[in-house]
Amino acid sequence: MALRFRSPVIFGFALSLCLGSGELLALNPHKALTQYTRTVWTQAQGLPQDTIRAITQTGDGFLWLGTDEGLARFDGYDFVIFTKDDGSLPSNSITALWAGHGGALWIGTPNGLTRYANRRFTTFTTRDGLPDNAITSLFEDHSGVLWIAAGIFLSRFENEKFATVSAEHLVPVDVVRMVYEDREQQLWVAGVGGVLKRTGETFTTVLTSRDLGGDLVTAMLEDRNHGFWIAGTKGLILRSPDGRLKRFDRRDGLPDNFVRALWEDREGDLWAGTNDGLSRFENGRFVRFDRKDDEDWVRCLFEDREGNLWVGMNSGLNRFRDDRFTTYGRIEGLPSDSPIAVHQDRKGQIWVGFHDAGIVSFVPGKFRTYTTRDGLADNEIFEIREARNGDLLISTRSGVSRMHEGRFVNYAMNDPLQRGAVFDAMEDSHGHLLTATPSGVYERVGNGWRNLIPGGPLLNDFPVVLGESRDGSLWAGTYGEGLWQVRNPNSKPRRYTTADGLGSDQIRSLHQDDEGTLWIGTFGGGLTALRDGAFSRFTARDGLLSDNIAHVEDDGKGSLWLSTTRGICRVSKQQLRDFAAGRIKILTPDNYGVDDGLRSAQIAPGAPTGGGGGRTSDGRLWFPTSRGLATIDPRTPEQGVMAPLAQLVGVAADGREVDFSRFEKLKPGIDHVQFRYTGIFLSAPERVHYSYKLEGLDRDWIPAAGRRLVNYNTLPHGRYRFRVLAALPGQATSESSFSFEVLPHFYEMTWFAWLCIVSFIGIVYGSYQLRMRQIRGRFSLVLEERVRLAREIHDTLAQGFVGISSQLDALALKLNGDMGVVRQHLDLARKMARHSLTEARRSVMDLRTSALEDHDLPSALTTAARQWVAGSPVHVQVDVFGDNRELPEDVEQHLLRIAQEAVTNALKHAGAHMIWVELEMENRRLRLRVKDDGHGFEPATVLNGAGGHFGILGMRERAERLGGELDLSSEPGSGTQVEVTVPLT
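Residues numbered from 1 in each chain as written. Predicted model: local features only at pLDDT ≥ 70, side-chain atom pairs only at ≥ 80, totals over all residues. Heavy atoms only, no water.

Here the focus is the pattern of salt bridges. Tallied over the full model, the rule gives 51 salt bridges. Across the pair Arg927 and Glu922 runs a salt bridge, and its minimum N-O distance is 3.8 Å. Given the relative accessible area of 10%, Arg927 is considered buried. For Glu922, a relative accessible area of 29% translates into the label partly exposed. Of the charged contacts in the structure, one is a salt bridge between Arg929 and Glu979, with a shortest N-O distance of 3.3 Å. Of this pair, Arg929 sits in strand 68 (residues 925-932) while Glu979 sits in strand 70 (residues 976-983), and the two are 50 residues apart along the sequence. (Salt bridge = Lys/Arg side-chain N within 4 Å of Asp/Glu carboxyl O. Buried < 20%, exposed > 50% of the residue type's maximum accessible area, 1.4 Å probe, protein only. Helix = DSSP H or I, 4+ residues; strand = E, 2+ residues; numbered from the N terminus.)

Another point: the nonpolar core. Ranked by internal contacts, the top residues of the largest apolar core, which has 40 residues, are Leu154, Val195, Met220, Trp229, Leu236 and Leu262. Once you skip the residues sitting within four places of it in the chain, Leu262 turns out to touch Ala219, Met220, Leu221, Trp229, Ala231, Leu236, Trp271, Ala272 and Leu301. In terms of nonpolar packing, the next biggest core, distinct from the first, is built from 36 residues, Ala864, Val874, Leu895 and Ala906 among them. (Core = buried A, V, L, I, M, F, W, Y, C linked by side-chain atoms within 4.5 Å. Contact = heavy atoms within 4.5 Å.)

Residues of the protein chain with pLDDT of at least 70 account for 88%, and the chain-wide mean is 86. Long-range and interchain partners of residues 1-24, a stretch whose pLDDT sits below 50, account for 87 contacts in this model, where long-range means more than four residues apart. (pLDDT = per-residue confidence, 0-100.)

Moving on, we get to helix 5 (residues 857-868). Compared with an ideal rise of 1.5 Å per residue, which puts twelve residues at 16 Å, helix 5 spans 16 Å between its outermost C-alpha atoms and is within 8% of the ideal. Packing partners of the buried residues in helix 5 comprise strand 66 (875-881), helix 6 (889-910), strand 67 (914-921) and strand 68. (Expected span 1.5 Å × (residues − 1).)

This part covers the packing of aromatic side chains. For the structure shown, the criterion picks out 51 aromatic pairs. Plain terms: the ring middles of Trp351 and Tyr370 are 5.9 Å apart, the flat faces sit at 40° to each other, and that makes the pair tilted. With Trp351 in strand 31 (residues 350-354) and Tyr370 in strand 33 (residues 366-370), this residue pair connects regions lying 19 residues apart in the sequence. The rings of Phe675, Tyr677, Tyr690, Tyr692, Tyr712, Tyr720, Phe722, Phe738 and Phe740 are connected pair by pair, giving a single aromatic cluster. Positioned above the aromatic ring of Phe660 is the side chain of Arg119, whose terminal nitrogen or guanidinium carbon lies 4.2 Å from the ring centre. For the cation-ring pair, Arg708 lies above Tyr77, with the distance from its terminal atom to the ring centre recorded as 3.8 Å. (Phe/Tyr/Trp six-rings, centres within 6.5 Å; stacked < 30°, edge-to-face > 60°. Lys NZ or Arg CZ within 6 Å of the ring centre and 35° of its normal.)

Following this line, the structure appears as structure tokens:
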């Protein structure tokens, strides 16, 4: 059964057609034009200009828009603008767009033709072979040849070359304006003088200037029935396959005779854009939008890959989208946009009650409105029900109206406070009329009323909704005092509140399903189920869309549909049972809002009552909203949806844009890499969810919800592949990726590792050689020390022992002589032996370094000097000048030995009473002096080595080994001074 209503505006309401299955990805042709979801973008949303002159879509999913202020690329979220200022275009004014088969975008401007391919713009002008830079029309034919209306000429672009069609071949057309290829792959050319069709290489006249009636052709299109449409400034011409012509203008429904654009969608509907709005061809006539905001120039039309119709107007970019819900309001012919209640009677008629306009009945082909003028008690309707005999029971602000065959009988309530409102009225299973009023629940008895459930004087204690359960109990939900149950008229009512398990004491809806569960919609407490005397509660915290539920509707397929203040929530009863039993932790309902075709997400407009949706016999569900009546067929599956096209739109490394169309090598030490991406789903980009993964770093996919940007910091060197998935929940996905490499630092490269290994080996070898040199140096020192000892022994022990030997020889010769002389020789031999023993001990001590153990040179000199003169009457004084500093070990050793030798010589040879040792340390040199007050000597006889004085020569050798100098000064009777000067580094 179909119901169709027409006022001065076409209402287009057909129960059997309004939500038909339709073709995949296309606008439902059975909807009124106003019932498509319309979205508008202007400069406020990022367009370079509100006037849209051309629209197309490239294979990567991007929508391209031509304006007089540049070219705009749209991904559903943002506009990216290209202009002549950034070097992309020869002019900001875009006159034509065409998406080529190979992915290229062709852009026509008044100053040349531009091709966009591989993210680069290339412009062609007359210097490249174009006959004129002013482009008015573009069309790429089936073979990939681009046909161009340039100036007054027709040109073709093939194999990167332009060729202009001779004007002689285009007679009678002397100014080419439009190019088009039909379904038979024949080229049509229109302009001043007529319309031509190309067959082979020959152009044949199809329409002359006389046939056009002086019309200027603005668009051409062949429909699926092979009718050829020609749009112009004076309307439309339809050329049938047999050559007959038919004209359409305002008399045929066109909003204006100036038609600028034509489009045939996938359903076969013809759309015409005029200087006064958009229209669709239906049943031999054009039907336009009857909306004030549609009275605008339509300059271009385009249907995208998802079936959305895009309309370029002077006032902005418009998208018309088909959604699951169809909404009806004043613009479709209803008397109001504020429906409250919906009911289908047993005859199949649908009745809608309004907040301010009475009730409306839908019958095939027409509708009728009933108000107080027709006898209705009040134009504000709260609920519509049906009596057992088929009469309508209409609850209004001023009482109950009973409608029988178009006539009304009104019942007024005797409220003590003069409140005449009836929020709900019904007949129970015994035929008793029951009403919910501010003063309580009343039953009609004869001509009077009996109060079953008392109300009260307060604003929140009155019943607003009634229901009857299978056991005959009457249920009454109140505005704020909970739920009442009356088992029979003579029993005492029982009240249930939150203390008994209700989610809230504000009851808005009651529904008992076929399984006997009473479902209770509350305001503020979500959904409550009463089964077998036990309450179960379900709230937004558990997963529901809202806690404010105005109506509960059962679709008969196992799901409840909840009208809430935030939209419509569908949840399966099995889910609710599983949640109540603890088998699941969260509810996962399907939620519907403005994005699904609702004009408002507030599906509870009838405060203080709940207001009622309903299910009709054909299975459709009806929902009053604050902006019209919405309907859906839950049995109809959603149209197939293409997966969003995942696209990378930008990659930046340390703020520098990277060419992501090819493999890239990024410099070492990249601190920050940013990836920007999008999933092109022009119907509803807000539904797209993303996941990403950086192979080489991330092990698993990372969900990003609706976020379209990701940053990575301090990537180590290596190869990576960034992948992004775009998907609609539960639908197919698409992927985009970018491979790149972060180059290593020089110290992270293989050659550097080998260099380190070789260097390490070289260092080890060098250390070995240095160690060996040190060992050889120490061995050389040992040899030198042995030479010194040899000299010392020669001068001391050897000479001593020679003397002893001589004395003993003399003793042997004198044994037979004078004994006194013998005794003198023996005493001398003893003295020489003791002296030689002392010298031997000194030479042995000279080999030890105990004085320097755990001491620096000044401390060692002080300590050793006292030891050197111990047992002798000689005094020693040690003085240190300058800042003490750490000296090399060999410097300390040699200076200590020089001082020892000098002191020893003073003790042995000088006959001194006092010895002074001075150590003076300066920044760049060190000076050691040893002075005595002895009898001195002649230096010349000592330094020439005569007599075997090896001690002084040893001191000089030690000084020279340190790079220093030895200065010896002495005179007979004036003491001796030994001074050593050593440079310091």
